[in-house]
Structures are given as structure tokens and as C-alpha cells.
Amino acid sequence: METVPVLILDPSDKYRPDHKDEQQFRNYENAINIDRVKKTYYDMHTYQTYHFVQDRTQHWTKFNHTELTVMEALEKLNALVDESDPDIDLPNSVHAFQTAERVRAAHPDLDWFHLVGLIHDLGKVMALYGEPQYAVVGDTFPVGCKPSDSIVFGQKSFKGNPDVDNPNYSSQLGIYEEHCGLDNVIMSWGHDEYLYRVLMNHSVCNLPEEGLYMIRYHSFYPWHTGDGYDYLCSNKDREMLSWVREFNKFDLYSKSEVVPDMEAIKAYYQSLVEKYIPGKISW
């Protein structure tokens, strides 16, 4: 299938220019282009129903869109023009290397962690194959239960979502049992869950469980930053939370105008790809 360049409005990617203090990131009240950011989230919270997620999961887990290596998929992200960042105009692939290099500097002995930094956003290739941006980018949340107050723009942004009026989905636990574990929770559809499913489908994925948690839940801000949804978490999820939070600080605060020499370091990351996720991958 042929891909075309698209404008990808990633509200989670908007608040990372390096002149900001940490408290100024993810400002959803006074940000430039707040109307566009707000629309992205309101569309997400309106259309991402339990049945919508089931449909998109079925569509994307056929893994029949393309065959790409990790590096080829990373190159594809150069076709994503991110207009959500008012200060820095960098392709997503640059952010990938920035994140990876910051992880590498802080954790030189955890080479799998470096690779996670590089690949964490590869699921955004869905946008190149027609998936609407509200089902690709932004913060994720569980479907099938009441939205938490820790979600960006709050419960009012779900006013148009039919699930909030469905008694099966509108209680705190909804369709879930208390402390059932996140692996048994259906998350809103986005690049996190998609990449996780892609890697699980691949013939060889040697990333440790910690790395897979980072990939699968790095956009689950209502949990790892908002302290919501603990009632759905298992003891294993709580153990892994510190790893997800550790990754988040490199992802969220890594964007700056300092661009690493990607050609000089590409061979190192290619060696990690061959070690942990070799070969062509079905997307």
C-alpha cells in the first residue's frame, strides 16, 4: 500500500521545547493552538468507544499493511509533519534519536532501554495509512469503564461518547474486575498498543518485560502521571510503574534544538535492532 505525507497533530508532543521548565510542559490551558489540541482530544474522547477500539484492533492486528524493518519504519516517520509544536519543527525520527541518546547517557548499561527510546513512537506509522489522528497520538485511557478525572480535559470531554450512557461501561470498574491487571484492560487505540501488538506478532522480539511495558503504556498519562486507575492495576503493574515513569522523563523532556549526529550513531542502534528485533516486521 502506498503512503503519502500527512500532517500529524500530536498533542502529547506539543509541550517539549527545551526552553521550558518541567512545570510548563503539557499545558492544556494557555498553549498556542489550544483549540486544535482540544479538538484532537475531544474527538478522541467522543469516538474512542469500546466498540471502536474492538474494530480498530481487528483492523490493525491483521498486520497486512506493509513489511518494514525497524530502521525503515523510523524513516517513514519523516513523512509525518507535526504541526502541533509551535517552537520546534523536527521530524519524529529526530525525537526518536534524541530520546534514545538521553536514555543511553543515563543508563549506559541497559542497551535494550536505548532501543526502546528509539522505537517507542513507531506505531505512529498508522497515520500514513489513513488512521485518524485521534486514534494514533495523544494520551491513552481504558475503555469499557468510567473515564478517570485524571484524563486530559476531564470527563466533560466525553459528553458525546455513547459509552458514558451505557450502564455496562459507565461505572468505575465497568466491564472489569478490581485489580484485574492492565493486561486484561482494553486501552483506547493508539500508537502504544499498536506497536506492542506488532512486536508480539513478530517472530523475534527479545526486549524484556520492562521495555514492553514502556512501549505499551508510555502514553497512559492518567496512570503513570495522573495516579488514576490504580483500582485496575495488579501488583505486577505497580512494580512496572517505576520503569514507565523512568522512560517518561526521557520521552517528555527530550525535545530540543540540539540534534544528535544520527549518521554517526545509527550503526550502534542498528546493532541493537539486530540483537533484539531483527528482520522485516509486519505492520
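Description of the structure in this document. (Residues numbered from 1 in each chain as written. Predicted model: local features only at pLDDT ≥ 70, side-chain atom pairs only at ≥ 80, totals over all residues. Heavy atoms only, no water.)

### Some words on the pattern of salt bridges
Logical step 1: Per the stated rule, a full pass over the model turns up 15 salt bridges.
Logical step 2: Lys39 is the partner of Asp43 in a salt bridge, and the nearest nitrogen-oxygen pair spans 2.7 Å. Of the two residues, Asp43 and Lys39 are both situated in helix α1 (residues 34-47); the distance of four residues between them amounts to about one turn of the helix.
Logical step 3: The shortest N-O distance in the salt bridge between Glu101 and Arg104 comes to 3.1 Å. One end of the pair is Glu101 and the other is Arg104, both in helix α4 (residues 92-106) and three residues apart, which spans about a single turn.
Logical step 4: For Arg104, a relative accessible area of 27% translates into the label partly exposed.
Logical step 5: Among the charged side chains, a salt-bridge network with shared partners connects Asp183, Glu193, Arg197 and Arg216. (Salt bridge = Lys/Arg side-chain N within 4 Å of Asp/Glu carboxyl O. Helix = DSSP H or I, 4+ residues; strand = E, 2+ residues; numbered from the N terminus. Buried < 20%, exposed > 50% of the residue type's maximum accessible area, 1.4 Å probe, protein only.)

### Comments concerning the side chain of Arg216
Logical step 1: The topology assignment puts Arg216 in helix α7 (residues 209-217).
Logical step 2: On the accessibility criterion, Arg216 (10% relative accessible area) is buried.
Logical step 3: In this structure the side chain of Arg216 is engaged in a polar contact, spanning 2.8 Å, whose partner is the side chain of Asp183.
Logical step 4: Here Glu193 takes part through its side chain, which lies 2.9 Å from a polar atom of the side chain of Arg216.
Logical step 5: Residues in contact with Arg216, not counting those within four places in the same chain, are Asp183, Asp192, Glu193 and Tyr196. (Polar contact = N/O pair within 3.5 Å; in protein donor to acceptor, adjacent residues only side chain to side chain. Contact = heavy atoms within 4.5 Å.)

### Points about the nonpolar core
Logical step 1: With 79 residues, the main nonpolar core has Leu115, Leu118, Ile119, Leu122, Leu207, Ile277 and Trp283 as its most contacted residues.
Logical step 2: At six residues, the largest contribution of residues to this core is made by helix α5 (residues 111-119).
Logical step 3: The contacts of Leu115, once residues within four sequence positions are left out, are Leu207, Leu272, Val273, Tyr276 and Ile277. (Core = buried A, V, L, I, M, F, W, Y, C linked by side-chain atoms within 4.5 Å.)

### Looking at the packing of α4 against α5
Logical step 1: In the contact formed by α4 and α5, the axes pass within 7 Å of each other and the chain directions differ by 160°. Judged on the interaxial angle alone, α5 and α4 are roughly antiparallel. The way α4 lies across α5 gives a crossing that is right-handed. Contact residues: Ala96, Phe97, Thr99, Ala100, Val103 and Arg104 in α4; Phe113, His114, Gly117 and Leu118 in α5. (Axes fitted to C-alpha atoms, helices over the stretch in contact; angles between N-to-C directions. Parallel < 35°, antiparallel > 145°, perpendicular 65-115°, else oblique. Left-handed = near helix turned anticlockwise from the far one by under 90°.)

### Some points on the packing of aromatic side chains
Logical step 1: All told, the structure shown has 22 aromatic pairs when counted by the stated rule.
Logical step 2: Arranged with centres 6.4 Å apart and planes meeting at 45°, the rings of Tyr217 and Phe220 form a pair that is tilted. Considered together, Tyr217 and Phe220 belong to a single accessibility category, that of buried residues.
Logical step 3: A ring pair is formed by Tyr268 and Tyr269, whose centres lie 5.0 Å apart and whose planes are at 75°; its orientation type is edge-to-face.
Logical step 4: Relative accessible area serves as the criterion here: at 24%, Tyr268 is assigned to the partly exposed category.
Logical step 5: Among the aromatic residues, those joined into a cluster by ring pairs are Tyr213, Tyr217, Phe220, Trp223, Tyr229 and Tyr231. (Phe/Tyr/Trp six-rings, centres within 6.5 Å; stacked < 30°, edge-to-face > 60°.)

### Re empty space enclosed by the protein
Logical step 1: Counting across every chain of the model gives two cavities of 30 Å³ or more.
Logical step 2: In this model, the largest cavity occupies a volume close to 100 Å³.
Logical step 3: Taken together, 13 residues line the largest cavity, and the ones lying closest to its centre are Cys145, Pro147, Phe158, Asn161 and Asp163.
Logical step 4: The residue makeup of the lining of the largest cavity, split by class, is eight nonpolar, four polar and one charged. (1 Å grid on protein atoms, 1.4 Å probe; cavity = no way out; pocket = protein on both sides within 12 Å on 5 of 7 lines; lining within 4 Å. Points joined across faces, edges and corners; volume = space filled by probe spheres on them. Nonpolar A, V, L, I, M, F, W, Y, C, P; charged D, E, K, R; others polar.)

### Remarks on the environment of Ile175
Logical step 1: Inspection of the secondary structure assignment puts Ile175 in the loop between α5 and α6 (191-201).
Logical step 2: Distance in space between the C-alpha atoms of Ile175 and Lys146 is 9.9 Å, their sequence separation being 29 residues.
Logical step 3: Once residues within four sequence positions are removed from consideration, Ile175 is found in contact with Tyr50, Gly144, Asn168 and Tyr169.

### Side note on α7
Logical step 1: The buried count for α7 comes to seven of nine residues, which makes it a mostly enclosed element.
Logical step 2: Inspection of α7 places Gly211, Leu212, Tyr213, Met214, Ile215, Arg216 and Tyr217 among the buried residues, and these make up the whole buried set.
Logical step 3: Elements that come into contact with the buried residues of α7 comprise α5, α6, α8 (221-224) and α9 (235-252).

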